[in-house]
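# Chain and residue survey
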Amino acid sequence: MQILLVSAFVAGVWLLQQQSNLPSLSLFFWLVTSVSLFTFVLSKFTQFSPQLKRLMMLLAVCLFGFFYAASFATFRLSDELPKGWEQKNIEVEGVVSSMAERNAYGEQFRFDVERVITSTALEQTVPKHITLNYYQKNAWQAAAPIDSAYLLRPSTFKAGQRWRFTVRLKRPHTTYNPNGYDFEAWALAQNIRAMGYIRNQNDMEKLADFVWRPRYMIEYCREKVGGRITQALANQPYAGVIRALVVGDHSQISATEWEVYLRTGTNHLMSISGLHITMLAGLAFSLIAFYWCRFQRLVLIMPTRKAAVIGSVFVALLYACLAGLSVPTQRTLIMLTTFAVALLLNKRVSMSYVLTVAVLLVVLLDPWAVIAPGFWLSFSAVAFITYAVVNRLRAKHWLAEAVNTQWSVTLGLLPFLILMFGQASVISPVANALAIPIISLLVVPLAIIGALLPFDFVLHGAQQILEVCMIGLNWLASSEMATWQQAAPPAWTIALSILGVLWLMLPRGFPQRWLGGLLILPMLFVSPAQLAQGEMQVTVLDVGQGLSVVIKTATHSMVYDTGRKYNEENDAGSQLILPYLRSQGIKHLDAMVISHDDSDHSGGAASLLAQMPIGWVASSYTMPNNENALAKQSMPKQLKCYAGQRWIWDAVKFEVLYPQEDSYQDADI
């Protein structure tokens, strides 16, 4: 019943996050109160069936979760930037609340606003928590990247410093595309209520070197450790991964590296995950127990097992703080703490109870956790492992147990990966079997020791081990069959597939387990409705400033313009167009047409060329060869656009209207 109650609460929180408008809190307060009173009356003064009483109780808890999340959302949404103050100069004073993330254009950091100095603005004008960019050049001239050596210099802004800035801000906004990434929801979940840049860099003034608060102290330590890694591993190929493994900063991992991790299903290993924290806590437990039991006086003070548990939880807490307390680290830390408290109190608890407590506490502390993919992936992974491994009648050999665990995670997360990302790694079991022991047991401990102690050779050792591991991962990722891409499946196929996964994981000897595989098939093979001959579907994607249009006929697909390029690592092609194409089941483009050489129209072309086969490319300019440097295919045939070009796809006629062919002779074109 405890699991059902927590599930009902989480469902209520999740339902609130799906609403386009906030409900009236007073209405839901009275609704929750009424349902609760009705449930109490049913349980005390009537003879209704237990099933009805249980149903009413679950409904009351679900409504309470909805009301709980709505209360948080109402409070957070009240702190917003008025539309009239967008893109206006505002002088503010506050504290740098995070370590600065470096990129080719400058720095980005979070800022807690303490005071608004601009005389015409009220204190309520600027939200309390904002994100600021500091461009090494003027913000309006930041199109060209700066010298890469800038990334190795000390950051201008340190966590905990108090500054006075003149800033220009805007409200967070997102692009609205089917199956696209919702940046606005992410910003709300992170409590980022406005974002902008430092307008007048000559007038900024540092007011204090450090403001002593626990949160700033943690960020200051993360910054120091991250800076040490960057300096020690300067110009090393996987320094960004080492930094991510120690302090949770992913800003230095390139898009090409992420593509390898996604294709091999090892992306969860390239950040501070629950697996790393568990492994590190296990190592700490073993070391403490090994030495503690050798000193009689220590054993008389506290039993070895309890002392080792306390030490391992402390190590896990320190590592989780270095990670910035993300959802997976919160889940792991809560679970480890629950086990530790039970052991110290001489209680026995089940894995299901610990997992339930962890889910409840994570959602209570952060109602927006339910919209994070990491929430569902991390908790689902533990739940499927528990379901498939725990409470079996006979213990397996350690190797068989490891294979069974990896099989459970791979199969269990398949529906969630297809639903959230439209793809799943086929070679994930092999890649993780290679990477997990190397990264979790070797790279992570060495990276932490080298980062915290003045031993550069230890960091270089972690880097070299990671390089060897990446040889295997790069080879696996190069296979064309590395990933399974799937169009966005209907909700009923996801529900069936989860039921099928649970059926397949039943204990050996259970009859007809193979039927579970049949329940998974609809999710993998249901495809969108096909267009008829002569029909055409035109989708204008929301790419912000710029243009991108996807055109489909019965058997052909084309992209016209590819949106803008945001920076060296991100553009509309990878962030917006590719996710949409994959959600529609488009695995190959017959053509790509670029209207003209402008970053708002051609900025995403390189990503499309690199990650999707394309038949031919037509444009009014010649694409430079370096735009296809990341491509997994040879450069497609390039054509010059000119008026009069015609072709027919599935009884749909296409024609180019402009420019005239002889206009290319003009030097100004």
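To be clear, the structure that these remarks concern was listed above.
Residues numbered from 1 in each chain as written. Predicted model: local features only at pLDDT ≥ 70, side-chain atom pairs only at ≥ 80, totals over all residues. Heavy atoms only, no water.

## So, the overall build of the chain
Helices and strands together make up the secondary structure of the chain, namely 21 helices and 17 strands. Relative to its 669 residues, the chain shows a buried fraction of 45%. Counted over contacts in the chain with a minimum sequence separation of 6, partners at least 24 positions apart contribute 67%. Carbon together with sulfur atoms contributes 62% to the accessible area of the chain, which is approximately 34200 Å² in total. (Helix = DSSP H or I, 4+ residues; strand = E, 2+ residues; numbered from the N terminus. Buried < 20%, exposed > 50% of the residue type's maximum accessible area, 1.4 Å probe, protein only. Contact = heavy atoms within 4.5 Å. Areas by Shrake-Rupley, 256 points an atom, 1.4 Å probe, with all protein chains shown as cover.)

## What to know about the pattern of salt bridges
Pairing is possible between side chains that carry opposite charge, provided their charged atoms lie close to one another. Under the counting rule described, the total for this entry stands at 13 salt bridges. We note a salt bridge from R162 to E114, for which the minimum N-O separation is 2.7 Å. With R162 in strand β5 (residues 162–170) and E114 in strand β3 (residues 106–116), this pair connects stretches of sequence that are 48 residues apart. Assessed through its relative accessible area of 22%, R162 is described here as partly exposed. With a relative accessible area of 27%, E114 lands in the partly exposed category. Linking E114 and R213 is a salt bridge whose minimum nitrogen-to-oxygen distance equals 3.3 Å. In this pair, E114 is assigned in strand β3 and R213 in the loop between β7 (205–208) and α5 (214–232), connecting sequence segments 99 residues apart. (Salt bridge = Lys/Arg side-chain N within 4 Å of Asp/Glu carboxyl O.)

## Notes on the environment of A643
Mapped onto the secondary structure, A643 falls in the loop between β15 (637–640) and β16 (646–649). Judged by relative accessible area, which is 22%, A643 ranks as partly exposed. Sequence separation of A643 and Y658 is 15 residues, and the distance between their C-alpha atoms is 4.7 Å. Leave out the neighbours within four places in its chain, and A643 touches V656, L657, Y658, P659 and Q660.

## Concerning the sheet that holds strand β11 (residues 549–552)
Spatial ordering of the open sheet is given by β10-β11-β12-β13-β14-β15, a layout of six strands whose pairing is mixed. The open sheet terminates on both sides in strands that have one partner only, identified here as β10 (537–540) and β15. Taken pair by pair, the neighbouring strands of this sheet meet at an average axis angle of 20°, ignoring direction. Relative to strand β14 (residues 614–619), strand β13 (residues 589–594) runs parallel, the two sharing five bridges. Counted as the bridge partner of V593 is A618 from β14. (Pairing = 2+ DSSP bridges. Axes fitted to C-alpha atoms, helices over the stretch in contact; angles between N-to-C directions.)

## Things to note about the side chain of R222
Position of R222 among the secondary structure elements: in helix α5. Not counting residues up to four positions away in its chain, the partners in contact with R222 are M99, V247, G248, D249, C321, L322, A323 and G324.

## Some details on the packing of aromatic side chains
Considering all chains together, one arrives at 27 aromatic pairs under this definition. Here the aromatic rings of F9 and Y68 are separated by 5.8 Å at their centres, their planes lie at 55°, and the arrangement is tilted. Highlighted residues: F9 in helix α1 (residues 2–17) and Y68 in helix α3 (residues 50–77), separated in sequence by 59 residues. Of the two residues, F9 and Y68, both sit in the buried class. Aromatic side chains F157 and F165 sit 5.6 Å apart centroid to centroid with 75° between the ring planes, which places their arrangement in the edge-to-face category. Assigned by exposure class, F157 and F165 land together as buried. An aromatic cluster of at least three residues, connected via ring pairs, comprises F109, F111, Y134, F157, W163 and F165. Lying over the aromatic face of W85, K88 brings its terminal NZ or CZ to 5.7 Å of the ring centre. (Phe/Tyr/Trp six-rings, centres within 6.5 Å; stacked < 30°, edge-to-face > 60°. Lys NZ or Arg CZ within 6 Å of the ring centre and 35° of its normal.)

## Here's the deal with a nonpolar patch on the surface
Nonpolar side chains collect at one region of the surface, where V426, W484, W503, F510, W514, L515, L518, L521 and F525 lie side by side and expose about 880 Å² of accessible area between them. It is helix α18 (residues 515–525) that provides the largest number of residues to the nonpolar patch, a total of four residues. One can find L515 in helix α18. (Patch = residues over 30% accessible without salt bridge, like charges linked within 9 Å, V, L, I, M, F, W, Y side chains within 5 Å.)

## So, helix α19 (residues 572–583)
With twelve residues, α19 should reach 16 Å at 1.5 Å per residue; the first-to-last C-alpha distance of 16 Å fits that figure. Within α19, nine of the twelve residues are buried, which leaves it mostly tucked inside the rest of the structure. Residues A572, G573, L576, I577, L578, Y580, L581, R582 and S583 constitute the buried set of α19. Residue D571 occupies the N-cap position of α19, its side-chain oxygen lying 2.9 Å from the main-chain nitrogen of G573. Positive backbone phi, at 75°, marks G585, one or two positions downstream of α19. (Expected span 1.5 Å × (residues − 1). Polar contact = N/O pair within 3.5 Å; in protein donor to acceptor, adjacent residues only side chain to side chain.)

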